[in-house]
2 protein chains.
Amino acid sequence: MSQPRRLLPSMPLLAAFEAAARHRSISAAAGELALTQGAVSRQVKALETQLGVRLIERRRHGIALTPQGLAFADDVRAVLALLADATGRLGQN
Amino acid sequence: MSQPRRLLPSMPLLAAFEAAARHRSISAAAGELALTQGAVSRQVKALETQLGVRLIERRRHGIALTPQGLAFADDVRAVLALLADATGRLGQN
DNA sequence: TAGTCTTACGACTTGCGTAATTATT
DNA sequence: AATAATTACGCAAGTCGTAAGACTA
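- An unreviewed UniProt entry annotates chain A as HTH lysR-type domain-containing protein originating from Oceanicola granulosus.
- Per UniProt, chain A carries the Sequence similarities (unreviewed entry) text "Belongs to the LysR transcriptional regulatory family."

### Overview of helix H4 (residues 67-91) of chain B
And then number 1: Relative to the 36 Å expected for 25 residues at 1.5 Å per residue, H4(B) spans 37 Å between its end C-alpha atoms, a close match to the ideal helical length.
And then number 2: The inward-facing, buried residues of H4(B) contact helix H1 (11-23), helix H3 (37-51) and helix H4 (67-91) of chain A together with helix H1 (11-23), helix H3 (37-51) and strand E2 (63-65) of chain B.

### Thoughts on the protein's contact with DNA strand D
And then number 1: What surrounds DNA strand D is a group of 22 residues, the closest being Ser10(A), Arg42(A), Gln43(A), Ser41(B) and Arg58(B).
And then number 2: A share of 59% is what sugar and phosphate atoms reach among the atoms of DNA strand D within 4 Å of the protein.
And then number 3: Measuring from a phosphate oxygen of DNA strand D, one finds a side-chain N or O atom of Ser27(B) at 2.8 Å.
And then number 4: A distance of 3.2 Å is found between a base nitrogen of DNA strand D and a side-chain nitrogen or oxygen belonging to Arg42(B).
And then number 5: Elements with a contribution of two residues or more to the surface near DNA strand D: H1 and H3 of chain A together with helix H2 (26-33) and H3 of chain B.
And then number 6: Among the elements that take part in the surface near DNA strand D, H3(B) stands out by supplying five residues, more than any other.
And then number 7: A breakdown of the residues in the surface near DNA strand D according to their chemical character gives seven nonpolar, 10 polar and five charged.

Rules used in this analysis
Residues numbered from 1 in each chain as written. Chains lettered and ligands numbered in written order. Predicted model: local features only at pLDDT ≥ 70, side-chain atom pairs only at ≥ 80, totals over all residues. Heavy atoms only, no water. UniProt positions renumbered as here; feature names shortened; annotations may be inferred. Helix = DSSP H or I, 4+ residues; strand = E, 2+ residues; numbered from the N terminus. Expected span 1.5 Å × (residues − 1). Contact = heavy atoms within 4.5 Å. Near = heavy atom within 4 Å. Polar contact = N/O pair within 3.5 Å; in protein donor to acceptor, adjacent residues only side chain to side chain. Nonpolar A, V, L, I, M, F, W, Y, C, P; charged D, E, K, R; others polar.

Now the structure itself:
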């Protein structure tokens, strides 16, 4: 049977989560992405809601990753890198 | 120097192009994705505009891929597969 | 007080269906 | 006629900044 094609999370959500995971900080991620704290906070939450999985734990200062968040962050990093490479190769022609 | 982070094409654009490339047909891609012909046509065009690269050649019946389109389709397929795997792994917990 | 995350609100951007058009067989 | 791709139009959904709030050191 062909899978119903699970609907994939949007690019901004993935980028926001990846940056937040790497910095262990919503506000640092916002700085890097040139967005506001609020935007990144919403995006990470939206991603968790879509996936039905808790990815980060909200802490007093900064954030911590859940085990699932840790694994997913690595995967997302690979996805973004692969895509960046692909578009990069197109550009230089 | 850190790259200004080239802005990545959105997920619907990538999915539409990948399906169109695989089927060599806009309308077949639309069928698979449960979208209209018009939507897929616009998305492929938007992707080409964003990337500044021609990916498909419009033909009398169906479409053909440019060399760049062919290479990019493979890359996009890998990206989507990687992401689908990643989200799939999250689900089964 | 300063640093952090969250969230309601409104504006803007993106994605999409409808439906008309063009072109090919 | 049937099949395939494109596009103008309007609506729906997604994204974002602002601004206010809560919590901690």
